[in-house]
Amino acid sequence: MKKILALTLAVLMILSLASCGEKKAETPTEPAAQKSEYKLSDQVDEKSVVDGVMTLIDGKDPILKKSAASWLDTCVLYEVNVRQFTEEGTFKAFEGHLERLKGMGINTLWFMPIHPISETGRKGTLGSYYAVSDYKAVNPEFGTIDDFKHLVDKAHEMGFKVLLDWVANHTGWDNSWLKEHEDWYVRDESGKVVSPFDWTDVAKLNYDNYDMRAEMIRCMQYWVEDVGIDGYRCDHAIGVPNNFWNAAVYKLKSINSEIMMLAENSENIGLTEYAFDSCYNDGFYSHADTILGGVAVSSIKDAMAGSTQYAAGSFPMNYLDNHDKNSYEGSIVYRLENAYPALLALSYMAPGIPLIYTSDETAYDHELEFFEKDTVKWDDEPVYAPLITALSKLKTENKALASTSADITFHEPDNSKLFACSRSADDSAVYFIGSLSKEAMTGVTVDCGFEEATVVMHHDGAKLDTTETKMTKADFEKKDYKPFEFYILVAEK
């Protein structure tokens, strides 16, 4: 493989010199195994991107510099399960919920894969979204490509950003790539194409093949350039080489420098060095998921404190639910019970971005089927919508909660089950003070450093109050708390 890259680079450099009119002694070369189809910007060295692999990140080209889109600091992410969102399960039907989601302060929509699903090896009746049969088409169950473009356009008009779920590690068995390019897939010693892990409904792609890499990038470019999406959530990102992601994002940012890239992977310095803005905060999920069992508050603190495994400018995606967790580990109501409001508030308080999954705004105690039709039973007034609305307003209007800022301070109460933290920026700070215990607490004291602050929301463990009131340092001395009661306050520094 090194020999192929070296030969390719040599040919590219010779062609570049020839095009500039420079005379150079003839140097014998062998024909390159692959032909680069990339047009690099004038500032980037030819050695940087060759046939789907980025070999050099030196920052000479503005697009090669690590950067985060300007809108990410206020990003509130919502995962859309199109199949289950409405009875119709279509793009057109989902459009009817845009106004409601906007009203909750949601500003970024992540759509689970919208592509046609392979029938060969299909699991269940409808199959997995993640068994893609055509990367440049839409699942006819959801509508047409024009329907999706209309949805994207309408979402943009309303101020939403749109992410697509991208499955680069594998394809469904019906994908035309498998029929036309079997060498684009990993094969065993007998030559048989293999599945990754026990995912028998999909076939694993071979990233040693640079023709496949280049075609994968062209497919990703299509949705950004022709459809206008704003980025990708990338499934099983660690299963694909980092240098592929770097090359893909270089090409995508050449089209739209303001895209967002989210990796389905726990914090990873390699993934975030250039390509990805955000990774999953698996620690926050796993520790929050055991809170009812009396997990130490210190573990939640550790999950919110940040990690050295994020490159500068990258940040966590703080989640309590998603399609995998809901379908296989239970609904948020089942897993978190009355701890959910407090933990949801912490997902907004933590550096990074919060995630809401389809149906999390309503008390829907049901695990959505993964391979079958299983429509969400929506309440007329989703019980958690007011809390999400209040938290989203705080996130989008207060610079202290900027996604790209890693600033967070933890305060030490005299009871280890009380959790207190703050984040600050410019002349203001946001504070969280609350119980992470299922038992009531009495006479607890914490000093967060403010003399007086404005309470912008108070949840007593059962109901939310967003009436603004003043509280002082003395109000948090020898104070009683109901189970999972919390306050969020804003103060001038």
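Bear in mind the structure is a predicted one, so any value in this text is a computation, not a measurement.

**Student:** In this structure, what is going on with the overall build of the chain? I would like to understand it.
**Tutor:** Helices and strands together make up the secondary structure of the chain, namely 15 helices and 21 strands. Relative to its 493 residues, the chain shows a buried fraction of 55%. Carbon and sulfur atoms make up 49% of the accessible area of the chain, which totals about 20400 Å².

**Student:** In this structure, what is going on with the nonpolar core? I would like to understand it.
**Tutor:** Looking at soluble globular proteins, one finds that nonpolar side chains tend to be buried together. Core analysis: the largest hydrophobic core is formed by 122 residues, its most contacted members being Leu109, Phe111, Phe148, Trp223, Tyr232, Trp245 and Met304. The element that contributes the greatest number of residues to this core is helix H7 (residues 210–227), accounting for nine residues. Within the second largest apolar cluster, 18 residues are counted, among which are Val444, Met471, Phe476 and Ala491.

**Student:** Teacher, can you tell me more about helix H15 (residues 385–397) here?
**Tutor:** The α-helix advances 3.6 residues per turn, and as a result positions three or four apart in sequence lie on the same side. Here H15 contains 13 residues, and its C-alpha end-to-end distance of 18 Å stays within 8% of the 18 Å for a straight helix at 1.5 Å per residue. Inspection of H15 places Ala385, Leu387, Ile388, Ala390, Leu391, Ser392, Leu394 and Lys395 among the buried residues, and these make up the whole buried set. Looking at the buried positions of H15, the neighbouring elements they touch are helix H14 (340–349), strand E12 (353–357), strand E15 (428–435), strand E17 (452–459), strand E18 (464–465) and strand E21 (486–492).

**Student:** Got a minute to help me understand the sheet that holds E12 in this structure?
**Tutor:** Note: strands within a sheet are paired through backbone hydrogen bonds, in either parallel or antiparallel orientation. Strand order in the closed barrel formed by eight strands is E3-E4-E5-E8-E9-E10-E11-E12, with parallel pairing between adjacent strands. Direction aside, the axes of adjacent strands within the sheet are offset by 30° on average. Judged from the four bridges that link them, strand E8 (residues 231–234) and strand E9 (residues 260–266) form a sheet pairing that is parallel. Opposite Arg233, over in E9, you have Leu262 as the bridge partner. Seen against the sheet, H7 touches strand E5 (161–166), E8 and E9 and runs at an angle of roughly 155° to E5.

**Student:** Would you mind going over the packing of aromatic side chains with me for this structure?
**Tutor:** The geometry of an aromatic ring pair comes down to the distance between the two centres and the angle between the two planes. Inspection of the entire model under this criterion finds 30 aromatic pairs. Seen in terms of ring centroids, Tyr130 and Phe370 are 6.4 Å apart; in terms of plane orientation they differ by 20°. Their pairing is stacked. Of this pair, Tyr130 sits in the loop between strand E4 (108–111) and helix H5 (145–157) while Phe370 sits in the loop between E12 and H15, and the two are 240 residues apart along the sequence. For the pair formed by Tyr130 and Phe370, the shared burial category is buried.

**Student:** What is the right way to read unusual backbone geometry from this model?
**Tutor:** Positive phi values are uncommon outside glycine, yet Glu337 reaches one of about 50°. Turning to its location among the elements, Glu337 is positioned in the loop between helix H13 (332–336) and H14. Of note in this structure, Phe484 is not a glycine but carries a positive phi near 60°. By the element assignment, Phe484 lies in the loop between strand E20 (479–481) and E21. On the basis of relative accessible area, Phe484 is assigned to the buried category, the value being 1%.

**Student:** Explain the side chain of His170 to me, please; I cannot follow it from the model alone.
**Tutor:** Examined against the element boundaries, His170 turns out to sit in strand E6 (residues 170–172). For His170, a relative accessible area of 2% corresponds to the buried category. Within polar-contact distance, the side chain of His170 engages the side chain of Asn169 at 3.0 Å.

**Student:** Hey, could you run me through the pairing of E21 in this one?
**Tutor:** Of all seven residues that make up E21, six are buried, and the element is covered over most of its length. The pairing of E15 with E21 spans seven bridges and is antiparallel. The residue bridging Tyr431 from the neighbouring strand is Leu489, located in E21. With five bridges joining them, E17 and E21 adopt antiparallel strand pairing. The residue bridging Val455 from the neighbouring strand is Leu489, located in E21.

**Student:** Looking at this structure, I do not really get the pairing of E17. What am I missing?
**Tutor:** Working note: regular strand, side chains alternate between the two faces of the sheet. The buried fraction of E17 amounts to seven of the eight residues, a majority that puts the element mostly inside the structure. Both E17 and strand E19 (residues 469–472) contribute to a ladder of four bridges, which runs antiparallel. Within E19, the position partnered with Val455 by the bridge is Thr469. Relative to E18, E17 is paired through two bridges, and the arrangement is antiparallel. The residue bridging His458 from the neighbouring strand is Asp465, located in E18. Following E17, the chain reverses through four residues before pairing antiparallel with E18; Gly461 in that reversal takes a positive phi of roughly 95°.

**Student:** I would appreciate a short explanation of the pattern of salt bridges in the present structure.
**Tutor:** This model, assessed by the stated rule, comprises 17 salt bridges. Between Lys482 and Asp460 there is a salt bridge, and its shortest N-O distance comes to 3.9 Å. Within this pair, whereas Lys482 is found in the loop between E20 and E21, its partner Asp460 is found in the loop between E17 and E18, the two being separated by 22 residues in sequence. Relative accessible area serves as the criterion here: at 47%, Lys482 is assigned to the partly exposed category. One salt-bridge network, held together by shared partners, links Asp165, Arg233, Asp235 and Glu264.

**Student:** Explain the packing of H14 against H15 here, please?
**Tutor:** Running from N to C, H14 and H15 cross one another at 20°; their axes reach a closest spacing of 10 Å. The pairing of H14 with H15 is recorded here as roughly parallel in orientation. Helix-helix and strand crossings are classified by hand; for H14 and H15 the assignment is right-handed. Side by side, H14 and H15 meet where Pro341, Leu344, Ala345 and Tyr348 of the first sit next to Leu387, Ile388, Leu391, Ser392 and Lys395 of the second. Along the lines of polarity and charge, the residues of the contact of H14 with H15 split into seven nonpolar, one polar and one charged.

Definitions and limits used
- Residues numbered from 1 in each chain as written.
- Predicted model: local features only at pLDDT ≥ 70, side-chain atom pairs only at ≥ 80, totals over all residues.
- Heavy atoms only, no water.
- Helix = DSSP H or I, 4+ residues; strand = E, 2+ residues; numbered from the N terminus.
- Buried < 20%, exposed > 50% of the residue type's maximum accessible area, 1.4 Å probe, protein only.
- Areas by Shrake-Rupley, 256 points an atom, 1.4 Å probe, with all protein chains shown as cover.
- Core = buried A, V, L, I, M, F, W, Y, C linked by side-chain atoms within 4.5 Å.
- Expected span 1.5 Å × (residues − 1).
- Contact = heavy atoms within 4.5 Å.
- Pairing = 2+ DSSP bridges.
- Axes fitted to C-alpha atoms, helices over the stretch in contact; angles between N-to-C directions.
- Phe/Tyr/Trp six-rings, centres within 6.5 Å; stacked < 30°, edge-to-face > 60°.
- Polar contact = N/O pair within 3.5 Å; in protein donor to acceptor, adjacent residues only side chain to side chain.
- Salt bridge = Lys/Arg side-chain N within 4 Å of Asp/Glu carboxyl O.
- Parallel < 35°, antiparallel > 145°, perpendicular 65-115°, else oblique.
- Left-handed = near helix turned anticlockwise from the far one by under 90°.
- Nonpolar A, V, L, I, M, F, W, Y, C, P; charged D, E, K, R; others polar.

By themselves, these observations are geometric and do not establish any function.
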